[in-house]
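# Chain and residue survey
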Amino acid sequence: MNHTYDETIQEMLTQAEALKFEGRCQDSIKLLEQVIIMEPLCSEAFEEIGDNYLTNRETAKAKKALDHALKINPQSFNAHYLMGFLYSLDESWRDSVTELQKADKLSPNHPEILRCLGWAFYNANRKSQGISVLERSRNLNPFDPNILCDLGVCYMNSEQYAEASKCFEQALKIDPNSSQAKECLQMLKMLDGGLE
């Protein structure tokens, strides 16, 4: 949190986040709207509203909330990160890179920001830079299956099949139930003509 709010606001923000993680996004948004009534300049509430809308893939509503959060606090790494994620959902890769670079500058070496930035670079046709940033993300958090799968997909799309295989196998060691890693490995085997 960037600001100090009274205990009630802090509790409401924490409760709203818990509701989001339970998949109760609408309840979370209603609670956050109450926070905004009590504290109209609470950028974190707008960020959380944006995050809830992103969870539901309602990008237009998410963008409106995140724009408001950034008006209140242009130095919020989280708002820039969420905006970058939003642009990646819309496949607006250049805008995604711009926002994620701002987030990275405000919060350097954050593995999740770097994961999204690497993915955005790769998809913006800056492939080697994308892989390099994803490798940095993996070095910072080597046990995150999402980082490993994104890196593996980039290697697979760059026809670096051995590297891709290592990433997917590692992701499955960490999370044997990862459907993403299983699907990626299956795709890799088809592309590479039957990897062991």
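Relevant structure appears above.
Conventions used here
Residues numbered from 1 in each chain as written. Predicted model: local features only at pLDDT ≥ 70, side-chain atom pairs only at ≥ 80, totals over all residues. Heavy atoms only, no water. Helix = DSSP H or I, 4+ residues; strand = E, 2+ residues; numbered from the N terminus. Contact = heavy atoms within 4.5 Å. Areas by Shrake-Rupley, 256 points an atom, 1.4 Å probe, with all protein chains shown as cover. Lys, Arg positive; Asp, Glu negative; His and termini not counted. Charge placed at Lys NZ, Arg CZ, Asp CG, Glu CD. Buried < 20%, exposed > 50% of the residue type's maximum accessible area, 1.4 Å probe, protein only. Axes fitted to C-alpha atoms, helices over the stretch in contact; angles between N-to-C directions. Parallel < 35°, antiparallel > 145°, perpendicular 65-115°, else oblique. Phe/Tyr/Trp six-rings, centres within 6.5 Å; stacked < 30°, edge-to-face > 60°. Lys NZ or Arg CZ within 6 Å of the ring centre and 35° of its normal. Expected span 1.5 Å × (residues − 1).

## Digging into the overall build of the protein chain
The secondary structure content of the protein chain amounts to eleven helices and zero strands. Ordered by position from the N terminus, the helices and strands of the protein chain form the series α-α-α-α-α-α-α-α-α-α-α. For the protein chain, restricting intrachain contacts to residue pairs at least 6 apart in sequence, the fraction spanning at least 24 positions comes to 45%. Accessible area of the protein chain: about 10,400 Å², with a carbon and sulfur share of 48%. Put simply, the protein chain has 20 plus and 30 minus side-chain charges, and the middle of one group is 5 Å from the middle of the other.

## Let's talk about the environment of Tyr-161
Residue placement: Tyr-161 occurs in helix α10 (residues 161-174). On the basis of relative accessibility, which here comes to 18%, the residue Tyr-161 falls in the buried class. Sequence-wise, Tyr-161 and Pro-74 are 87 residues apart; in three dimensions their C-alpha atoms are separated by 41 Å.

## Examining the packing of helix α1 (residues 7-21) against helix α3 (residues 43-55)
Axis separation between α1 and α3 bottoms out at 11 Å; the angle between their running directions is 5°. By the criterion of interaxial angle, the relationship of α1 to α3 is roughly parallel. Taken together, the residues of α3 that come into contact with α1 (itself represented by Leu-13, Glu-17 and Lys-20) are Glu-44, Ala-45, Glu-48, Asp-51, Asn-52 and Thr-55.

## Observations regarding the packing of aromatic side chains
Going through the model one piece at a time under the given rule, you end up with zero aromatic pairs. When the ring centre of Phe-21 is taken as reference, the NZ or CZ atom of Lys-20 above it lies at 5.0 Å.

## What to know about helix α5 (residues 77-89)
The end-to-end C-alpha separation of α5 is 18 Å, in line with the 18 Å expected for 13 residues at 1.5 Å each. Three or more residues of α5 are buried, namely Ala-79, His-80, Tyr-81, Leu-82, Met-83, Gly-84, Leu-86, Tyr-87 and Ser-88. Where α5 is buried, its residues meet α3, α4 (59-72), α6 (93-106) and α7 (111-123). Directly beyond the C-terminal end of α5, a positive phi value near 60° is found at Glu-91.

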